Amino acid sequence: MAAILVKIGALALKTAAKPLSSRFQAYVMEHPVARQKAVKAAQWMHRLEVAITRGAEGKAKRAFVGHLNEEKSLELASKIAGEGFVFMVGTVIVVFEYQRAVAKDTAKKRQEHIEKQALLDAARKEREALQAENAEQTQLIQRLMHRVGKLEDIIDELEDVRKQHHQKQSHKGLFGGFFGAKAPGVS
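Just so it is clear, the model here is predicted, and its values are computed rather than measured.

### Considering the overall build of the protein
Here is step 1 of the chain: What the protein contains, in helices and strands, is 4 helices and 0 strands.
Here is step 2 of the chain: Listing the helices and strands of the protein from first to last along the sequence gives α-α-α-α.
Here is step 3 of the chain: Among the 187 residues that make up the protein, the fraction classed as buried is 12%.
Here is step 4 of the chain: Pairs at least 24 residues apart make up 67% of the contacts formed inside the protein by residues separated by at least 6 positions.
Here is step 5 of the chain: Here the protein has roughly 15,800 Å² of accessible surface; of this, 62% comes from carbon and sulfur atoms.

Set out below in structure tokens:
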């Protein structure tokens, strides 16, 4: 919303510059010091215009450029004052818009930097959490491996006991060895 108001304000200032330039022209023509400087600027502009025109026509030799008469000089000075005022207003508007765009771009870059930093911080925290979880899981796996090792030892012991018991049972005869030992080789 503020951008629209700024644009409308700049447009209003541009529109007001033309009528204000005519008042500025009148002021310059009435003020003796400003009038004298404007006439000098008009004479200089006339010489520059003649030199550029001659250069474009291929007549690069220096030539005498006469002064403008008072009436034409005042007319050109008036135009210079009016157009200079409009140019100055336009320049102020362009500079203001440029500074506003730079400030907006800087704010956008700052916000992007903040968002990027937030993402990096979140990724760092996630990585640290994953590393901690990985360490916990590694410890749990080691404990489980230790328990599995113990269980394998117990199973081996039980297997040995079962084999021994089976061997004792296989040596007994019918009715649990009541009638004596079973003969070897008889099943």
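After that view of the structure, there is still more to cover.
### Quick look at the side chain of Gln 43
Here is step 1 of the chain: One can find Gln 43 in helix α2 (residues 32-57).
Here is step 2 of the chain: The residues touching Gln 43, leaving out its near neighbours within four places in the chain, are His 67, Leu 68 and Ser 73.

### Considering the nonpolar core
Here is step 1 of the chain: Core analysis: the biggest nonpolar cluster contains 7 residues, these being Val 28, Met 29, Ala 38, Ala 42, Leu 74, Ala 77 and Ala 81.
Here is step 2 of the chain: The set of elements that each furnish at least two residues to this core consists of α1 (2-30), α2 and α3 (70-171).
Here is step 3 of the chain: With 3 residues, the top contributor of residues to this core is α3.
Here is step 4 of the chain: Every residue in contact with Leu 74, bar those within four places of it in the chain, is listed here: Met 29, Arg 35 and Val 39.
Here is step 5 of the chain: The next biggest cluster of nonpolar side chains, apart from the first, holds 5 residues, and it includes Ala 10, Ala 17, Phe 85 and Val 89.

### Description of α2
Here is step 1 of the chain: A rise of 1.5 Å per residue sets the reference length of α2, with its 26 residues, at 38 Å; its end C-alpha atoms lie 37 Å apart and thus fit the reference within 8%.
Here is step 2 of the chain: Among the residues making up α2, those that are buried are Ala 38, Ala 42, Gln 43 and His 46.
Here is step 3 of the chain: Of the residues trailing α2, Gly 58 is marked for its positive phi of about 90°.

### Some thoughts on the confidence of the model for the protein
Here is step 1 of the chain: Per-residue confidence for the protein gives a mean pLDDT of 81; residues scoring 70 or more make up 87%.
Here is step 2 of the chain: Element-level pLDDT for the protein is lowest in helix α4 (residues 174-177), with a mean of 54, against a maximum mean of 89 in α3.

### Some details on the environment of Gly 82
Here is step 1 of the chain: By the secondary structure assignment, Gly 82 is in helix α3.
Here is step 2 of the chain: A relative accessible area of 2% means that Gly 82 is categorised as buried.
Here is step 3 of the chain: Beyond its immediate sequence surroundings of up to four residues, Gly 82 is in contact with Ser 21 and Gln 25.

### Structural notes on the pattern of salt bridges
Here is step 1 of the chain: This structure, assessed with the given rule, holds 4 salt bridges.
Here is step 2 of the chain: For the salt bridge of Arg 124 with Glu 128, the shortest nitrogen-to-oxygen distance reads 3.3 Å. Of this pair, Arg 124 and Glu 128 both sit in helix α3, 4 residues apart, which is roughly one turn of that helix.
Here is step 3 of the chain: Here Arg 124 falls in the partly exposed class, since its relative accessible area comes to 32%.
Here is step 4 of the chain: According to the relative accessible area criterion, Glu 128 is partly exposed, its value standing at 40%.
Here is step 5 of the chain: One salt bridge in this structure joins Arg 162 and Glu 159, with 2.6 Å as the shortest N-O distance. Placement of both Arg 162 and Glu 159 in helix α3 is noted, with a separation of 3 residues, approximately one turn of the helix.
Here is step 6 of the chain: Taking relative accessible area as the criterion, Arg 162 reaches 46% and is therefore assigned partly exposed.

Definitions and limits used
- Residues numbered from 1 in each chain as written.
- Predicted model: local features only at pLDDT ≥ 70, side-chain atom pairs only at ≥ 80, totals over all residues.
- Heavy atoms only, no water.
- Helix = DSSP H or I, 4+ residues; strand = E, 2+ residues; numbered from the N terminus.
- Buried < 20%, exposed > 50% of the residue type's maximum accessible area, 1.4 Å probe, protein only.
- Contact = heavy atoms within 4.5 Å.
- Areas by Shrake-Rupley, 256 points an atom, 1.4 Å probe, with all protein chains shown as cover.
- Core = buried A, V, L, I, M, F, W, Y, C linked by side-chain atoms within 4.5 Å.
- Expected span 1.5 Å × (residues − 1).
- pLDDT = per-residue confidence, 0-100.
- Salt bridge = Lys/Arg side-chain N within 4 Å of Asp/Glu carboxyl O.

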